[in-house]
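Remarks on the overall topology
Residue-level listing of the chains:
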Amino acid sequence: MASKICAMISMIFFFLLLLPFGHGFYLPGSYPHKYVVGDPLSVKVNSLTSIETELPYGYYSLPFCRPQEGIKDMAENLGELLMGDRIENSPYRFKMRTNESDVFLCRSGPLSADDFNLLRKRIDEMYQVNLILDNLPAIRYTDRDGFLLRWTGYPVGIKVSDGYYLFNHLKFTVLVHKYEETNVASVMGTGDAAEMIPSNSAKSGPPGYMVVGFEVVPCSFQHDPESVKSAKMYDKYPAKIKCDPATVAMAIKENQSVVFSYEVEFVESDIKWPSRWDAYLKMEGAKVHWFSILNSLMVIAFLAGIVLVILLRTVRRDLTRYEELDKEAQAQMNEELSGWKLVVSDVFRAPDNPTLLCVMVGDGLRILGMAVVTILFAALGFMSPASRGTLITGMLFFYMILGILAGYGAVRLWKTLRCGDHSGWVSVSWRVAFFFPGVAFLILTILNFLLWGGHSTGAIPFSLFVILLLLWFCISVPLTMVGGFLGAKAPHFEYPVRTNQIPREIPPQRYPSWLLVLGAGTLPFGTLFIELFFIMSSLWMGRVYYVFGFLFIVLILLVVVCAEVSLVLTYMHLCVEDWRWWWKAFFASGSVAIYIFLYSVNYLVFDLKSLSGPVSATLYLGYSLLMVLAIMLATGTVGFISSFWFVHFLFSSVKLD
């Protein structure tokens with residue numbers, strides 16, 4: 001009965017996961033929404049955000065105007081909820097190509113002490129209001145030292161001297177482009193809706209327009225609350241409102257009402273539909289991205305040269321000499337020579353904690369596969385910023401599907417370490433299914449309690465927690481077990497040499513071998529630290545990251561560098577007769593995670609200096625720790641697999657009795 005329930009839940013949640021992709025699998029600008037003159041346009045509101053605290057809050061947690069029909073949640077996906085987005089309807093209403101000015105929105109009641117203090121706190125913490133029209137975030141332009149800066153959203157208010165001023169009047173500019181009809185009927189819509197438009201509608205009906213830009217200018221204007229006592233929402237304000245962003249007038253005070261108003265102007269633009277996101281995705285620092293790739297290529301070339309020397313000169317020469325000798329001479333040579341040839345009977349001896357190694361390699365395969373597939377889809381445009389939450393939803397979807405790969409890789413490695421004996425594969429599969437997801441769930445639960453305590457919308461709702469648990473147990477775990485079963489049935493990798501029963505004594509080393517392993521992580525870190533800055537800025541500074549093509553190239557280069565670093569380090573350990581290479585091969589490339597975490601701490605101290613409060617710093621470090629753990633598993637797996645292949649290839653050329 002339980003299996004049937006899980007199967008039914010699995011089908012339902014797979015459908016729910018795929019729902020966002022129905023809107024997400026499109027190149028930006030492929031599905032325009034046509035509006036005719038007079039059609040209603042609805043503005044939506046998202047969570048209030050700040051780079052000072054990293055704690056999002058609901059728009060209606062502040063005493064803003066509420067829609068007449070009540071507050072309604074808009075369509076959301078798992079990715080939006082996990083990112084802390086809470087999209088709701090708003091009282092702002094437009095009509096296509098209908099300019100309006102001095103529109104009265106509402107008059108708040110007298111500000112209570114709690115509302116007054118909360119507004120001052122949000123202004124001090126530099127919270128931004130985020131509005132959305134036709135799937136486009138509101139954008140604000142400011143001029144600073146002759147440079148035009150772009151911002152998404154607008155601040156709640158501003159502090160001048162000892163006074164707090166609220167931006168209570170908004171001047172909207174909606175850029176529209178005349179709709180260009182195609183010759184065939186097509187389905188058109190945004191991420192929120194779709195409609196069927198006949199192919200001849202442009203000829204027979206009124207002209208249509210598409211929204212290609214949404215700009216906002218916030219103003220602080222001193223209204224007369226008494227003059228709108230009997231006014232209704234959307235009535236004309238009795239006096240002319242002059243919106244001057246350079247001045248502030250609406251000082252907030254306790255027990256004083258606040259009047260909100262807005263104006264909207266429609267401007268026909270030459271911007272075409274496919275280019276409407278260009279204002280948000282202006283590629284800045286393209287040369288820096290290319291420099292990052294060039295830097296990575298130089299590191300790869302350096303390491304490739306070392307690998308080439310090892311394979312074509314040292315190893316090949318030693319093997320040739322070793323194979324040309326007869327058995328008697330080989331025995332004498334073994335007594336005279338030192339190096340990797342002397343550990344031939346110990347090199348495939350099972351490592352310490354083999355189960356843990358198999359589990360980490362299995363989870364690393366899944367995380368690496370998820371990263372490659374997700375970034376590739378994003379680079380092709382299927383997970384554009386126009387589809388909020390799709391990237392996170394896609395990562396979750398691919399992570400669950402690749403449970404098959406995790407179980408298969410872990411159990412097949414387990415079977416190899418046990419020379420073909422697959423007993424215990426069920427235990428290994430279970431541990432793979434619970435290792436990384438369990439750690440992630442523990443970290444997210446602790447951080448979620450902090451967010452719940454702060455009443456932030458970034459907290460994962462309890463219902464979503466239940467959904468994630470069901471996805472874990474009803475989809476991810478069974479797929480991992482299926483992968484483990486396939487791995488148990490697959491043939492193991494046969495060792496090319498026999499292993500002695502008595503382990504060979506390892507000569508004393510001049511320096512700790514783990515010191516070399518930890519230092520090896522600097523090379524992979526050098527290939528990605530430039531791109532890492534852009535990723536961190538996107539995650540914590542509210543900037544849009546969209547150069548997934550560059551990121552995909554950097555990911556491929558990182559994989560190559562990790563493989564080369566681990567291969568070289570493994571050869572160096574074997575040359576000093578240290579046959580315990582298994583874990584060192586994993587951490588030679590996996591140690592890059594240490595430097596990424598140190599970089600995260602450096603970013604917190606020097607780039608997020610304004611981050612206020614221990615809760616915000618704890619959230620930052622908690623999420624960074626989770627990211628670093630995933631990177632360690634993925635990069636360590638790459639290094640381990642490359643080293644295993646190298647050792648297998650190297651000793652398969654050695655002839656023994």
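So, here's what we can say about the structure.

Procedures and definitions
- Residues numbered from 1 in each chain as written.
- Predicted model: local features only at pLDDT ≥ 70, side-chain atom pairs only at ≥ 80, totals over all residues.
- Heavy atoms only, no water.
- Buried < 20%, exposed > 50% of the residue type's maximum accessible area, 1.4 Å probe, protein only.
- Helix = DSSP H or I, 4+ residues; strand = E, 2+ residues; numbered from the N terminus.
- Pairing = 2+ DSSP bridges.
- Core = buried A, V, L, I, M, F, W, Y, C linked by side-chain atoms within 4.5 Å.
- Contact = heavy atoms within 4.5 Å.
- Phe/Tyr/Trp six-rings, centres within 6.5 Å; stacked < 30°, edge-to-face > 60°.
- Disulfide = S-S within 2.5 Å.
- Axes fitted to C-alpha atoms, helices over the stretch in contact; angles between N-to-C directions.
- Parallel < 35°, antiparallel > 145°, perpendicular 65-115°, else oblique.
- Left-handed = near helix turned anticlockwise from the far one by under 90°.
- Nonpolar A, V, L, I, M, F, W, Y, C, P; charged D, E, K, R; others polar.
- Polar contact = N/O pair within 3.5 Å; in protein donor to acceptor, adjacent residues only side chain to side chain.

On to the pairing of strand E3 (residues 88–95). With respect to burial, E3 is a largely interior element, six of its eight residues being buried. In this sheet, E3 lies alongside strand E2 (residues 40–45) in antiparallel orientation, the contact comprising five bridges. Bridging across to E3, Lys44 finds its partner in Asn89.

An order of E3-E2-E6-E7 is seen for the four strands of this open sheet, with the pairing classed as antiparallel. Two strands in the sheet have a free side with no partner beyond their single neighbour: E3 and strand E7 (136–137).

A word on the nonpolar core. The biggest cluster of nonpolar side chains holds 149 residues, and the ones touching the most others in it are Phe94, Leu131, Phe172, Phe214 and Phe651. When residues of this core are assigned to their parent elements, the largest contribution, 16 residues, is made by helix H17 (residues 614–651). In this structure, Phe651 is in contact with Trp340, Val343, Val344, Val347, Phe348, Pro496, Val497 and Leu574, ignoring residues within four places of it in sequence. Ranked by size, the runner-up nonpolar core spans 11 residues in total, among them Leu81, Leu471, Ile475 and Leu479.

This structure, assessed with the given rule, holds 46 aromatic pairs. Here Tyr59 and Tyr60 contribute two aromatic rings whose centre-to-centre distance is 4.8 Å and whose plane-to-plane angle is 90°, an arrangement assigned as edge-to-face. We classify Tyr59 as buried; its relative accessible area is 3%. A residue is classified by how much of its surface remains accessible, and Tyr60, at 9% relative accessible area, is buried. Considering the side-chain rings of Trp583 and Phe586, the 6.2 Å spacing of their centres and the 70° angle between planes classify their relative orientation as edge-to-face.

Now for unusual backbone geometry. Even without being a glycine, Tyr234 presents a positive backbone phi close to 80°. For Tyr234, the location among the structural elements is in the loop between strand E16 (208–219) and strand E17 (259–268). For Tyr234, a relative accessible area of 31% corresponds to the partly exposed category. The phi torsion at Cys419 lies on the positive side, around 55°, for a residue other than glycine. Given a relative accessible area of 54%, Cys419 falls into the exposed group.

Taken as a whole and assessed by the stated rule, the structure comprises two disulfides. Between Cys65 and Cys106 runs a disulfide, and the two sulfur atoms are separated by 1.8 Å. On the sign convention where negative means left-handed, the S-S torsion of about -85° between Cys65 and Cys106 marks this disulfide as left-handed. Of this pair, Cys65 sits in the loop between E2 and helix H2 (78–83) while Cys106 sits in strand E4 (residues 100–107), and the two are 41 residues apart along the sequence. Cys106 carries the same exposure label as Cys65, and that label is buried. Covalent S-S linkage joins Cys219 and Cys243, the inter-sulfur distance amounting to 1.7 Å.

Turning to the packing of helix H7 (residues 354–379) against helix H10 (residues 425–453), a few remarks are in order. It is the contact of H7 with H10, at a shortest axis distance of 9 Å, that shows an interaxial angle of 60°. Classed by the angle they form, the pair H7 and H10 counts as oblique. At the point where H7 passes H10, the crossing takes the right-handed sense. Residues Thr355, Leu356, Cys358, Val359, Met360, Asp363, Arg366 and Ile367 of H7 lie in contact with H10, whose contacting residues are Val428, Arg431, Val432, Ala433, Phe435, Phe436 and Pro437. Each residue belonging to the contact of H7 with H10 can be placed in one class, and the counts come to 11 nonpolar, one polar and three charged.

What follows concerns the environment of Tyr495. As for its placement among the helices and strands, Tyr495 is situated in the loop between helix H11 (462–489) and helix H12 (513–520). Owing to a relative accessible area of 17%, Tyr495 belongs among the buried residues under this scheme. On a C-alpha basis, the gap between Tyr495 and Val647 in space is 9.9 Å, while along the polypeptide they are 152 residues apart. Setting aside residues no more than four positions away along its own chain, Tyr495 makes contact with Phe348, Thr416, Leu417, Cys419, Trp582 and Phe644. Within polar-contact distance, the side chain of Tyr495 engages the backbone oxygen of Thr416 at 3.2 Å.

Further remarks concern the environment of Met250. Following the sequence through the fold, Met250 ends up in the loop between E16 and E17. It is 5.2 Å that separates the C-alpha atoms of Met250 and Ser220, two residues lying 30 residues apart in sequence. Excluding residues that lie within four positions of it along the chain, Met250 makes contacts with Tyr164, Tyr165, Leu166, Asn168, Ser220, Phe221, Gln222, Gln256, Ser257 and Val258.

Further remarks concern the pairing of strand E11 (residues 157–160). Bridging between E11 and strand E12 (residues 163–166) involves four bridges; their strand directions are antiparallel. Note that in E12 the partner of Gly157 across the bridge is Leu166. Linkage of E11 to E12, two consecutive antiparallel strands, is achieved through a turn of two residues, within which Ser161 is found at a positive phi near 55°.

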